[in-house]
Amino acid sequence: MALVPDNTLITQTPEQGRELAIMLARKTSGAIQPDAEVRETLRPGYATNADSLTMAGHVVAIEFATVAAANNYWRA
């Protein structure tokens, strides 16, 4: 499983960086729990839990900060 697509965090725009951050967070979850059936079983529990959703958003924010730094914050 490629955890970093094309082995780069470089994107053209902040929007693409955000999309990459979300994808990286999703791939991280898949790497931690590789059994798709288990993930599907767990999803209803965290999908309706505000704390779980907030934590998921935090993971994406950390990934986005990493992507943004790799892109020098899209400095021209």
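Keep in mind that this is a model prediction, so the values were computed, not measured. (Residues numbered from 1 in each chain as written. Predicted model: local features only at pLDDT ≥ 70, side-chain atom pairs only at ≥ 80, totals over all residues. Heavy atoms only, no water.)

Student: So, the packing of helix H1 (residues 14-32) against helix H3 (residues 50-70): which residues are in play, and what are the values?
Tutor: Two elements in contact, H1 and H3, have axes separated by 8 Å at closest approach and are oriented at 130°. Judged by the inter-axis angle, H1 sits oblique to H3. As H1 runs across H3, the sense of the crossing is right-handed. On H3, the residues that touch Pro14, Gly17, Arg18, Leu20, Ala21, Ile22, Leu24, Ala25 and Thr28 of H1 are Val59, Val60, Glu63, Phe64 and Val67. Tallied by class, residues from the contact of H1 with H3 come to 10 nonpolar, two polar and two charged. (Axes fitted to C-alpha atoms, helices over the stretch in contact; angles between N-to-C directions. Helix = DSSP H or I, 4+ residues; strand = E, 2+ residues; numbered from the N terminus. Parallel < 35°, antiparallel > 145°, perpendicular 65-115°, else oblique. Left-handed = near helix turned anticlockwise from the far one by under 90°. Contact = heavy atoms within 4.5 Å. Nonpolar A, V, L, I, M, F, W, Y, C, P; charged D, E, K, R; others polar.)

Student: Explain the side chain of Glu63 to me, and be specific about the residues and the numbers.
Tutor: Position of Glu63 among the secondary structure elements: in helix H3. One buried charge, Glu63, has no salt-bridge partner; the nearest side chain with opposite charge is Arg18, at 10 Å. Non-local contacts of Glu63, meaning those with residues more than four positions away in its chain, are made with Ala21, Leu24, Ala25 and Thr28. (Buried < 20%, exposed > 50% of the residue type's maximum accessible area, 1.4 Å probe, protein only. Lys, Arg positive; Asp, Glu negative; His and termini not counted. Salt bridge = Lys/Arg side-chain N within 4 Å of Asp/Glu carboxyl O.)

Student: Describe a nonpolar patch on the surface, with residues and values.
Tutor: A surface patch of nonpolar side chains, amounting to about 290 Å² of accessible area, comprises Met1, Leu3 and Val4. On the basis of relative accessible area, Met1 is assigned to the exposed category, the value being 69%. (Patch = residues over 30% accessible without salt bridge, like charges linked within 9 Å, V, L, I, M, F, W, Y side chains within 5 Å. Areas by Shrake-Rupley, 256 points an atom, 1.4 Å probe, with all protein chains shown as cover.)

Student: Run through helix H2 (residues 36-47), naming residues and quoting values.
Tutor: The terminal C-alpha atoms of H2, which comprises 12 residues, lie 16 Å apart, in line with the 16 Å expected from a rise of 1.5 Å per residue. By the N-cap criterion, in which a side-chain oxygen at the helix start approaches the backbone nitrogen of a residue two or three places on, H2 is capped by Asp35, the distance to Glu37 being 2.9 Å. (Expected span 1.5 Å × (residues − 1). Polar contact = N/O pair within 3.5 Å; in protein donor to acceptor, adjacent residues only side chain to side chain.)

Student: Talk me through H1; I want residue IDs and the actual numbers.
Tutor: For H1, which comprises 19 residues, the first-to-last C-alpha distance of 27 Å matches the rise-based estimate of 27 Å (1.5 Å per residue) to within 8%. Considered for burial, the residues of H1 that qualify are Gly17, Leu20, Ala21, Leu24, Ala25 and Gly30. Check the buried side of H1 and you find it contacts H2 and H3.

Student: Quick rundown of the pattern of salt bridges? Include the residues and the values.
Tutor: Scanning the entire structure with this criterion turns up one salt bridge. Between Glu40 and Arg43 there is a salt bridge, with its nearest N and O atoms 2.9 Å apart. One end of the pair is Glu40 and the other is Arg43, both in helix H2 and three residues apart, which spans about a single turn. Under the relative-accessibility criterion, Arg43 is labelled partly exposed at 36%.

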